[in-house]
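Okay, here's what each chain looks like letter by letter:
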Amino acid sequence: MDRALQEFTFELMRHAAEQGLSKVTVTEGNFSITVENTPVEAAAVAPTAAAPAAAPAAVQESAAQPEEESYSGTVVSAPLVGTFYAANAPEEPPIVSVGDTVTKGQTLCIIEAMKTMNTIESPCDGKMQKILVTNGELVEYHQPLIVIE
C-alpha cells in the first residue's frame with residue numbers, strides 16, 4: 001500500500017471511530033471503500049473495537065499537545081499511527097541516541113504500520129536532545145517522538 005493511501009486509511013479510521021461507524025473497509029487493488037453505521041441500539045449492545053480505541057487516542061492527543069509546546073527545540077512528531085522502533089533490527093543498536101548530532105534528512109527512527117517499515121527523517125540539523133517514546137511503543141498520529149536542539 002503506498003504511503004498516501006496508508007495515511008488516508010489511518011485518517012479515515014480515526015474519523016470513522018469518532019463518528020461511531022462500525023465498519024470501514026479499504027481495498028487497494030481496484031480501489032474500493034465500504035463504510036457501515038450500526039444503529040445506536042445495536043452499538044450499545046455490542047460495541048465495536050474501533051469505538052473504544054478512539055477515546056484513548058483523543059485523550060492522548062489532547063495530553064500531548066501542551067507537552068509539545070513546552071519543549072525547546074524542534075519536535076519530530078509521528079506522521080502516522082504505528083509501532084516505534086529505535087533500531088533497524090532488534091539485535092542492532094539504536095539508529096540515533098540522545099547527544100548524537102544529526103543532519104537534515106538523516107533517519108531517526110522507524111514506525112511500522114501495516115507491516116510496512118516507514119523511516120522518519122530529521123527535519124533539520126542539530127543535536128538529539130530527547131527521545132520521548134520507548135522502543136516497541138505504539139504511537140499515535142502527531143504524537144511527539146523526538147526533540148532536536
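Everything discussed here concerns the structure shown above.
Residues numbered from 1 in each chain as written. Predicted model: local features only at pLDDT ≥ 70, side-chain atom pairs only at ≥ 80, totals over all residues. Heavy atoms only, no water.

Draft legend 1. Layout of the sheet that holds strand β9 (residues 138-139). Across the sheet, which stays open at both edges, the four strands sit in the order β7-β6-β4-β9 with antiparallel pairing between neighbours. Whereas interior strands pair on both sides, the edge strands pair on one side only; in this sheet they are β7 (116-121) and β9. Where strand β4 (residues 82-85) lies against β9, two bridges are found, and the strand directions are antiparallel. When the sheet's bridge partners are listed, Thr 83 is paired in β9 with Leu 138. (Pairing = 2+ DSSP bridges. Helix = DSSP H or I, 4+ residues; strand = E, 2+ residues; numbered from the N terminus.)

Draft legend 2. Summary view of the environment of Thr 101. Its location among the elements puts Thr 101 in strand β5 (residues 101-102). Along the chain, Thr 101 and Asp 125 lie 24 residues apart, while their C-alpha atoms are 7.6 Å from each other. Discounting residues that sit within four places of it in the chain, Thr 101 has contacts with Gln 106, Gly 126 and Lys 127. (Contact = heavy atoms within 4.5 Å.)

Draft legend 3. Focus on unusual backbone geometry. Its identity is not glycine, yet Met 114 carries a phi of approximately 55°, on the positive side. Of note, Met 114 is situated in the loop between β6 (107-113) and β7. Phi at His 142 takes a positive value of approximately 70°, unusual for a residue other than glycine. Among the structural elements, His 142 can be located in the loop between β9 and β10 (144-148).

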